[in-house]
Amino acid sequence: MLYYLFNYLKSLNFSGSGMFQFITFRVTMALLLSLAISLLLGKRIVRYLQRKQIGETIRDLGLAGENSKKGTPTMGGLIILSSILIPTLLFAQIKTVYVWLMLLCTVWLGLIGFLDDYIKVFKKNKEGLAGKFKVLGQIGLGIIIGSTLYFNDNVVISREIISGNKLASYERDVHHKERVTKDGHRFADVKTPITTIPFVKNHEFNYAKLISWMGAGAEKYTFILYILIVIVIITAVSNGANLTDGLDGLATGVSAVIGVCLGIFAYVSGNIQFAEYLNIMYIPNLGELSIFIAAFVGACVGFLWYNAYPAQVFMGDTGSLALGGIIASIAIIVRKELLIPIFCGVFLVENLSVVLQVSYFKYTKKKYGEGRRIFRMSPLHHHYQKLGYHESKIATRFWIVTIICAAVSIATLKMR
């Protein structure tokens, strides 16, 4: 909103209003404001939750320190959501398709998580919102995001114009707008369902190729496959973040690191000079997404002030479902969804530990009449708790692993 105000003031030659034209300035302001909101507003929200006795109900799992967590305020995800939405609305061009998609994602999954926490806290139902309704909500969001990214003409990449080269059958020229780099290379906006393959020299992959075996004209059905892939990714990463939110500061710290990684991807992919230098696809209008990501990182870091061990507040599903969905959606937008198993490695292993534990237990119970376990407890962070590790050490080491995974992911920009 402030962007449009200062843009108007600039037309009136108002002194200093031109600062808002620089995306680096707005990114910095969004980061600082999100930190300020999460720290200052967070303190008020924590006190309010404590007064209203909106505390977490802890199941007796036989874990060290779990009794001390009883009554700790939950629904702290409201702090994260506020710290993301307010700076984004103030500093970003909200008309940009990528920005309003991320605003929708934040509110959508935040509401689903809020309903789950509300049922747990106020209705005294430990199960919360039924799992099928959560999944239906995630599927609905996946359909909206997938459809928008596939059909909206403002979602494009830039292709270098080479004399004699023709567009593939699954690509189409959208705006007929050419861009010329400093060394004379010419680019045009093209609409195509393409993503990046890590560690491969020809690092682009078009989803239309997955159904090319169906014959001529099959590419017109690519949208069905693409939307299904988006749904799976959003559901998996959102649930992965939810499962990871089991120790003080764990999901928050991991999400902040992943946010920085995605911010780097968004910046270099949205800058034509960097994109050309790194030989990666240039995605026009992606720069505004950097403002949202800056607010996301600031919100996570600010919330960590209260969520670090010993936690003064838990984010609840209000925060964890939204964090995972945001990360998945940004990865899809910057065409780096195939890198998710790397930079979201912690979310992945947490998910897999639950799947393996449950599957192996059912298999051994059917075969031997007695269920057996791979881990002492799942998700994986509880396994290490059972081994005697302090939860702050587990969380810190998971952060370190995420930093390594993020560094490897960033290295794929040149490692091909």
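Basis of the calculations
- Residues numbered from 1 in each chain as written.
- Predicted model: local features only at pLDDT ≥ 70, side-chain atom pairs only at ≥ 80, totals over all residues.
- Heavy atoms only, no water.
- Helix = DSSP H or I, 4+ residues; strand = E, 2+ residues; numbered from the N terminus.
- Buried < 20%, exposed > 50% of the residue type's maximum accessible area, 1.4 Å probe, protein only.
- Areas by Shrake-Rupley, 256 points an atom, 1.4 Å probe, with all protein chains shown as cover.
- Axes fitted to C-alpha atoms, helices over the stretch in contact; angles between N-to-C directions.
- Parallel < 35°, antiparallel > 145°, perpendicular 65-115°, else oblique.
- Left-handed = near helix turned anticlockwise from the far one by under 90°.
- Contact = heavy atoms within 4.5 Å.
- Nonpolar A, V, L, I, M, F, W, Y, C, P; charged D, E, K, R; others polar.
- Disulfide = S-S within 2.5 Å.
- UniProt positions renumbered as here; feature names shortened; annotations may be inferred.
- Patch = residues over 30% accessible without salt bridge, like charges linked within 9 Å, V, L, I, M, F, W, Y side chains within 5 Å.
- Salt bridge = Lys/Arg side-chain N within 4 Å of Asp/Glu carboxyl O.
- Lys, Arg positive; Asp, Glu negative; His and termini not counted.
- Charge placed at Lys NZ, Arg CZ, Asp CG, Glu CD.
- 1 Å grid on protein atoms, 1.4 Å probe; cavity = no way out; pocket = protein on both sides within 12 Å on 5 of 7 lines; lining within 4 Å.
- Points joined across faces, edges and corners; volume = space filled by probe spheres on them.
- Domains from an automatic or database assignment.
- Core = buried A, V, L, I, M, F, W, Y, C linked by side-chain atoms within 4.5 Å.

## Remarks on the overall build of the protein chain
Within the protein chain, the secondary structure is distributed over 14 helices and five strands. Among the 416 residues that make up the protein chain, the fraction classed as buried is 49%. As displayed, the protein chain offers around 19,900 Å² of accessible surface, 62% of which is attributable to carbon and sulfur atoms.

## A look at the packing of helix 9 (residues 289–307) against helix 10 (residues 316–333)
Here helix 9 crosses helix 10 at 150°, and the two axes come no closer than 12 Å. In terms of orientation, helix 9 and helix 10 fall into the roughly antiparallel class. When you trace helix 9 past helix 10, the crossing you get is left-handed. Here Leu289, Phe292, Ile293, Phe296 and Cys300 of helix 9 come into contact with helix 10, specifically with Leu323, Ile326, Ile327, Ile330 and Ile333. Considering only residue class, the contact of helix 9 with helix 10 consists of 10 nonpolar, no polar and no charged.

## A look at the state of the cysteines
What makes a disulfide is a covalent bond joining the sulfur atoms belonging to two cysteines. Summed over the entire model, instances satisfying the criterion amount to zero disulfides. As a non-bridged cysteine, Cys261 has Cys344 as the owner of its nearest cysteine sulfur, 8.5 Å distant.

## Focus: the UniProt feature "binding site: Mg(2+)" (unreviewed entry) in the protein chain
With numbering aligned to this structure, UniProt lists the feature "binding site: Mg(2+)" (unreviewed entry) at Asn242 and Asp317. What stands out for the annotated residues spanning 76 residues is how close their C-alpha atoms remain, the widest pair being 6.7 Å apart. With residues up to four places along the chain from it excluded, the contact list for Asn242 reads Lys134, Asp317, Ser320 and Leu321. In this fold, Asp317 is placed in helix 10. Of the residues examined, Asp317 reaches a relative accessible area of 7% and is grouped as buried. The contacts of Asp317, once residues within four sequence positions are left out, are Gly113, Asp116, Asp117, Lys120, Lys134, Asn242 and Ala322.

## Description of unusual backbone geometry
A cis geometry characterises the amide bond from Tyr309 onward to Pro310, with omega recorded as -10°. Along the chain, Pro310 turns up in the loop between helix 9 and helix 10. The omega torsion across Ser378 and Pro379 is 0°, close enough to zero to call that bond cis. Looking at the secondary structure, you find Pro379 in the loop between helix 12 (345–368) and helix 13 (380–386).

## Topic: the packing of helix 2 (residues 23–51) against helix 9
Interhelical geometry of helix 2 versus helix 9 gives an angle of 30° and a closest axis separation of 7 Å. Regarding the angle of helix 2 to helix 9, the classification is roughly parallel. Here helix 2 and helix 9 pass one another in a crossing that is right-handed. Here helix 2 contributes Ile23, Arg26, Val27, Ala30, Leu31, Ser34, Leu35, Ser38, Leu39, Gly42, Lys43 and Val46 to the contact with helix 9, which in turn contributes Ser290, Ile291, Ala294, Ala295, Gly298, Ala299, Val301, Gly302, Phe303, Trp305 and Tyr306. Within the contact of helix 2 with helix 9, the residues separate by chemical class into 15 nonpolar, six polar and two charged.

## Observations regarding the side chain of His381
Tracing the chain through its elements places His381 in helix 13. Not counting residues up to four positions away in its chain, the partners in contact with His381 are Leu243, Thr244, Gly246, Leu247, Leu250, Glu350, Ile394 and Phe398.

## Considering a positive patch on the surface
A contiguous patch of positive charge, built from Lys43, Arg44, Arg47, Arg51 and Lys52, is present on the exposed surface. Secondary-structure assignment places Lys52 in the loop between helix 2 and helix 3 (77–91).

## Thoughts on the layout of surface pockets
Space inside the second largest pocket adds up to approximately 390 Å³. Forming the boundary of the second largest pocket are 22 residues, of which Pro284, Asn285, Leu286, Gly287 and Glu288 lie nearest the centre. When contributions to the lining of the second largest pocket are tallied by element, the ones reaching two or more residues are helix 2, strand 2 (172–180) and helix 7 (250–269). Broken down by element, the residue count for the lining of the second largest pocket peaks at three residues, all from helix 2. Taken together, the residues that form the lining of the second largest pocket break down as eight nonpolar, 10 polar and four charged. Mapping the lining of the second largest pocket onto the domain boundaries places at least three of its residues in each of domain 1 (26–153 + 222–415) and domain 2 (157–219).

## Details of the nonpolar core
By size, the foremost hydrophobic cluster in this structure holds 85 residues, and its most contacted members are Tyr98, Leu149, Leu289, Ile327, Ile330 and Phe343. At 11 residues, helix 7 tops the list of elements feeding residues into this core. Each of domain 1 (26–153 + 222–415) and domain 2 (157–219) accounts for three or more of the residues forming this core. Not counting residues up to four positions away in its chain, the partners in contact with Tyr98 are Leu149, Asn154, Val155, Val156, Ile283, Pro284, Asn285, Leu286, Leu289 and Ile333. With seven residues, the next largest nonpolar core counts Ala30, Ala92, Leu103 and Ile291 among its residues.

## Some words on the environment of Ile258
In this structure, Ile258 sits in helix 7. Look at Ile258 and you get buried, because its relative accessible area is 1%. Sequence-wise, Ile258 and Val297 are 39 residues apart; in three dimensions their C-alpha atoms are separated by 8.7 Å. Not counting the four nearest positions on each side in its chain, Ile258 is found in contact with Ile327, Phe343, Cys344, Phe347 and Thr402.

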